[in-house]
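One-letter residues, chain by chain:
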Amino acid sequence: MNNRNLLFALALCCILLAFGAWILGFFHYSAPVRQSPAAQVLPNLQSPSAAELKYAPPRPQDAPESIREAVMLGFNIINDTAQYAPKHVGNELACATCHLEGGTSKASISLVGAAATYPRFSANHGTSIDLAQKVQDCFARNLNATPPAYDSREMQAVLAYLQWISKDIPVYASLPWALPGKLDTSHKPDAAAGEKVYAESCAACHGDAGDGSPPLWGKGAYSDGSPLHNVDTFAVFTHRFMPPEAATLTPEQSLDVAAYVDGQPRPHFAPAQSHGDAGQKSPQGK
């Protein structure tokens, strides 16, 4: 009986020693396997800094053959909206009014990288919206027309184009060419002073009554739901880009003229009821 107990004890010790050796071996070999890939991958997940981003949007004609037709149509819609998307223009403006050269010119509001910044929160909607909803907003609020449906040829073309010119921009990268939300000044906008600035610096192109080319108020201009119908936004745009290729207005002058233009009559923004597939509604108003 004693011999049996001794043999049983020895066998149990051998089993425990073997199990312990297996445990040590498992942690010794598996730990590096789990750690080393992370050490190699993590540095590659870091987005480049704003200073490292290069402004080199690809040409639409260089898009892969499988999407080239759509990309070219999107480019043309932005440059000549009335010709290529006539059902979706309700005033005298075009996408290129604010987005020169298909949105690739740094002398206007650039669209390069825009596709990499969505979905994102929209104050107008009170929730996060995707790129298609933003495009719809632009048509409805700036061109005063029913925007293209989500599954329409026009929408798919614009989305394809925006994705193409943003192809080298990391998702949610900080875009150094993006416009600031407001000018760095404590100046209080003065519409009366802005009227004088407008007469001296803006009327030659935009007309004494704001009905020039492009119009800034009146029935041919953007609606009161447009992002430009905001003193800070309009002032940033004016200070950065007006007059084209030779911006001369000071931040204070830009705020004054923005206040003046903001106070002029323009079409009222009324959200359309529905466009697109079932269950997909139009952008909502403010």
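Counting restarts for each chain, with residues numbered from 1 along the sequence as it is written. Totals for whole chains, interfaces and linings use every residue, but because this is a predicted model, local features are given only for residues with pLDDT of at least 70 and side-chain atom pairs only at 80 or more, for both listing and counting. Values reported for side chains reflect all heavy atoms of the structure, with hydrogen atoms and water molecules removed beforehand.

Explain the packing of aromatic side chains here, please?
What describes a pair of aromatic rings is the distance from one ring centre to the other and the angle between the planes of the rings. The criterion for an aromatic pair is that two Phe, Tyr or Trp rings (for Trp, the six-membered ring) have centres within 6.5 Å, with stacked assigned to planes under 30 degrees apart, edge-to-face to planes over 60 apart and tilted to the rest. Within this structure, the stated rule accounts for six aromatic pairs. Relative to Trp-217, the ring of Tyr-198 lies with its centre 5.2 Å away and its plane at 45°, an arrangement referred to as tilted. Remark: Trp-217 occurs in the loop between α8 (203-206) and α9 (231-241) and Tyr-198 occurs in helix α7 (residues 191-201); sequence separation between them is 19 residues. You'll find Tyr-198 and Trp-217 in the same group, each marked buried. For the pair Phe-237 and Phe-241, a centre-to-centre distance of 5.3 Å together with 70° between the ring planes defines the contact as edge-to-face. Placement of the pair is Phe-237 and Phe-241 together in helix α9, with a separation of four residues, close to one helical turn. One exposure class covers both Phe-237 and Phe-241, and it is buried. Three or more aromatic residues link up through ring pairs in this structure, and these residues are Tyr-198, Trp-217 and Tyr-260. Looking at Lys-106, its charged tip hangs above the ring of Tyr-55, at a distance of 4.7 Å from the centre. Here a strand is any run of E in DSSP of at least two residues, a helix any run of H or I of at least four, and the numbering for each starts at the N terminus. Burial classes follow relative accessibility: with a 1.4 Å probe on protein chains only, a residue under 20% of its type's maximum area counts as buried, one over 50% as exposed, and anything between as partly exposed. Two conditions define a charge sitting above a ring: the NZ of Lys or the CZ of Arg must be within 6 Å of the ring centre, and it must be within 35 degrees of the ring normal.

Explain the side chain of Asn-142 here, please?
The topology assignment puts Asn-142 in helix α5 (residues 131-142). If near-sequence neighbours (up to four positions away) are discounted, Asn-142 is found in contact with Asn-91, Leu-93, Asp-137, Tyr-222, Ser-226 and Pro-227. What makes two residues a contact is simply this: any of their non-hydrogen atoms within 4.5 Å.

Just checking my understanding: could you explain the pattern of salt bridges for this structure?
If charged atoms from side chains of opposite charge come close, those side chains can pair. Counted as salt bridges are all cases of a side-chain nitrogen of Lys or Arg within 4 Å of a carboxyl oxygen of Asp or Glu. A full pass over the atoms with the stated rule returns three salt bridges. In this structure, Arg-59 engages Asp-62 in a salt bridge whose closest nitrogen and oxygen atoms are separated by 2.9 Å. Among the ionic pairs, Arg-141 bridges to Asp-137, the shortest N-O distance being 3.7 Å. Taken together, the residues span about one helical turn, with Arg-141 and Asp-137 both in helix α5 at a distance of four residues. Owing to a relative accessible area of 1%, Arg-141 belongs among the buried residues under this scheme.

Looking at this structure, I do not really get the confidence of the model for the protein chain. What am I missing?
Keep in mind that low pLDDT regions are not for reading the predicted coordinates in detail. Along the chain, pLDDT gives the predictor's confidence residue by residue, from 0 to 100. Summing up the model confidence of the protein chain, the mean pLDDT is 85 and the portion of residues at 70 or higher is 77%. pLDDT under 50 marks residues 26-46. Its contacts with residues more than four places away, or in other chains, come to four contacts. In this model, residues 273-286 is a region of pLDDT below 50 whose contacts with residues beyond four sequence positions or in other chains number 41 contacts.

Where do I start with the environment of Pro-58 in this structure?
Its place among the elements puts Pro-58 in the loop between α1 (2-45) and α2 (65-79). Judged by its relative accessible area of 16%, Pro-58 falls in the buried class. For the pair Pro-58 and Ile-165, spaced 107 residues apart in sequence, the C-alpha separation works out to 5.7 Å. Filtering out sequence-adjacent residues up to four positions away, Pro-58 remains in contact with Trp-164, Ile-165 and Lys-167.

In this structure, what is going on with α2? I would like to understand it.
Along an α-helix, a turn takes 3.6 residues, which lines up residues three or four apart on a common side. What a helix is expected to span follows from its residue count: subtract one and scale by 1.5 Å. If you check α2, its first and last C-alpha atoms are 21 Å apart, about what 15 residues at 1.5 Å a residue would give, namely 21 Å. Listed in full, the buried residues belonging to α2 are Val-71, Leu-73, Gly-74, Ile-77 and Ile-78. In a view along the axis of α2, the buried residues occupy a sector of 160°, so they form one face of it. When the buried face of α2 is taken as reference, the exposed residues oriented beyond 90 degrees from it are Glu-65 and Glu-69. As used here, the arc is the angular range of directions from the helix axis to the C-beta atoms.

What exactly am I supposed to notice about unusual backbone geometry here?
The bulk of non-glycine residues show a negative phi, and the bulk of peptide bonds are trans. Residue Pro-119 is reached from Tyr-118 by a cis peptide bond, and omega for that bond is 5°. Looking at where Pro-119 falls in the secondary structure, it is placed in the loop between α4 (100-103) and β1 (120-122). Following Met-242, the chain continues to Pro-243 via a peptide bond in cis, the omega torsion being -10°. One can find Pro-243 in the loop between α9 and α10 (251-262). Phi at Glu-101 takes a positive value of approximately 50°, unusual for a residue other than glycine. Among the structural elements, Glu-101 can be located in helix α4. A positive phi angle, near 70°, is found at Glu-245, a position not held by glycine. The exposure class of Glu-245 is exposed, given its relative accessible area of 71%.

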